[in-house]
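# An overview of the molecular structure
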Amino acid sequence: AVTTGQRMHLQPLPAFEDNYIWLLRDDGGRALIVDPGEAGPVLAALADAPAPHAILLTHHHGDHVGGVAELLERWPGLPVIAPHDTRIATANRRVGDGDMVEIGPWRFEVLGIPGHTLSHIAFCSRNAGGEGLLFCGDTLFSLGCGRIFEGTPAQMLASLRKLAALPGDTLVCCGHEYTLANAAFALAVEPGNAVLRERAAQARAQRDAGQPTLPATLASERACNPFLRSNEAAIRASIETHTGRSLDDDIDAFAELRRWKDGFRA
């Protein structure tokens, strides 16, 4: 677990093959649960803990919401805060871009970040004198971004820019352990980025030690993540070399970068 500031006790729980369910506990041990795709890891982690504060859901995919019903059996009446999307049937409170959510000692701003799904949201908090926290589901990954399943490249780029504009000390708490695979792609795109090489080596050491590569800081992502840097000259040149054509604009560059990643094999 990571302790961030006085009242932020943050723990990524591994689930399925490469998911993370996030727990954020207050000083009394009461947890906030983010994107519980399965209930088992949460029930095990909170076996001796007081009842949780709430569940936050970023989007409707089963590997992020599939455990909610079983958790509600264990804790009936638990608030389940989710985007406006009827595909999330277990939600009992709906929120959208610009809403504020107050839970226990925390206050979150809701950010609408369509692209991976149309109703995808993030929860961003800056509380208790600590760093910021960003629960961003499958939109921003460390050294990568989510696939565009329902939105457009323009929407995804706008969503990533919205997240990239948050303060640099914000801790990025995303939904999957994809950092090493993302690092391989990022290095193919931008082999001359020394900060990226350092981050990739750090991530390899973390995984070799059985540790998560998350959370990462947003400042690190801005320095290393090609999807937050697709308008930079070195990356655009790399995309143009890969595609064999000149790029029209920022959206075209981002769309080609995402297409390149979709077909990339390390």
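Right above here is the structure, for reference.
Residues numbered from 1 in each chain as written. Predicted model: local features only at pLDDT ≥ 70, side-chain atom pairs only at ≥ 80, totals over all residues. Heavy atoms only, no water.

### Observations concerning the packing of helix 5 (residues 179-189) against helix 6 (residues 194-208)
Where helix 5 contacts helix 6, the two axes come as close as 10 Å, and the packing angle between them is 155°. As far as their axial angle goes, helix 6 and helix 5 are roughly antiparallel. Considering how the two elements wind past one another, helix 5 and helix 6 form a crossing that is left-handed. Along the contact surface, helix 5 presents Thr-179, Leu-180, Ala-183, Ala-186 and Leu-187, while helix 6 presents Leu-196, Arg-197, Arg-199, Ala-200, Ala-203, Arg-204 and Arg-207. Split into classes, the residues belonging to the contact of helix 5 with helix 6 amount to seven nonpolar, one polar and four charged. (Axes fitted to C-alpha atoms, helices over the stretch in contact; angles between N-to-C directions. Helix = DSSP H or I, 4+ residues; strand = E, 2+ residues; numbered from the N terminus. Parallel < 35°, antiparallel > 145°, perpendicular 65-115°, else oblique. Left-handed = near helix turned anticlockwise from the far one by under 90°. Contact = heavy atoms within 4.5 Å. Nonpolar A, V, L, I, M, F, W, Y, C, P; charged D, E, K, R; others polar.)

### Thoughts on the nonpolar core
Counting residues in hydrophobic clusters, the biggest one holds 51 residues, and the most contacted among them are Phe-108, Phe-123, Phe-135 and Leu-163. Ranked by size, the runner-up nonpolar core spans 21 residues in total, among them Ala-15, Val-42, Trp-75 and Val-80. (Core = buried A, V, L, I, M, F, W, Y, C linked by side-chain atoms within 4.5 Å. Buried < 20%, exposed > 50% of the residue type's maximum accessible area, 1.4 Å probe, protein only.)

### Brief notes about helix 8 (residues 233-243)
What helix 8 keeps buried is the set Ile-235, Arg-236, Ser-238 and Ile-239. For helix 8, the angular spread of buried residues about the axis comes to 160°, placing them on one side. Exposed side of helix 8, more than 90 degrees from the buried face: Ala-233 and Thr-241 are the residues found there. The secondary structure elements touched by the buried residues of helix 8 are helix 5 and helix 9 (250-262). At the C-terminal side of helix 8, Gly-244 shows a positive phi close to 75°. (Arc of directions from axis to C-beta.)

### Focus: unusual backbone geometry
For residues other than glycine, phi is negative in most cases, and the peptide bonds are mostly trans. Across the junction of Leu-214 and Pro-215, the peptide omega takes the value 0°, indicating a cis bond. The backbone of Phe-16 sits at a positive phi, close to 50°, despite the residue not being glycine. Relative to the helices and strands, Phe-16 is located in the loop between strand 2 (9-15) and strand 3 (19-25). At Asp-35, a position not held by glycine, the phi torsion is positive, near 55°. Tracing the backbone through its elements, the reader meets Asp-35 in the loop between strand 4 (31-34) and helix 1 (40-45).

### Examining the pairing of strand 11 (residues 132-137)
Along strand 11, six of the six residues are buried, which leaves the element largely enclosed by surrounding structure. Burial along strand 11 is two-sided: Gly-132, Leu-134 and Cys-136 facing one way and Leu-133, Phe-135 and Gly-137 facing the other are all buried. The pairing of strand 10 (residues 121-126) with strand 11 spans four bridges and is antiparallel. Note on strand 11: the bridge partner recorded for Ser-125 is Leu-133. Sheet topology note: the strand 11/strand 14 (residues 171-174) ladder contains four bridges and is parallel. Within the sheet, the bridge partner assigned to Gly-137 lies in strand 14 and is Cys-174. (Pairing = 2+ DSSP bridges.)

### A few points about the pairing of strand 9 (residues 106-112)
Among the seven residues in strand 9, five count as buried, and that is most of the element. In terms of strand pairing, strand 8 (residues 100-103) meets strand 9 through four bridges, oriented antiparallel. Within strand 9, the residue paired with Ile-103 across the bridge is Trp-106. The hairpin formed by strand 8 and strand 9 contains two residues between the paired strands, and Gly-104 there has a positive phi angle of roughly 50°.

From the geometry alone we can't say anything about function, so treat these as descriptive.
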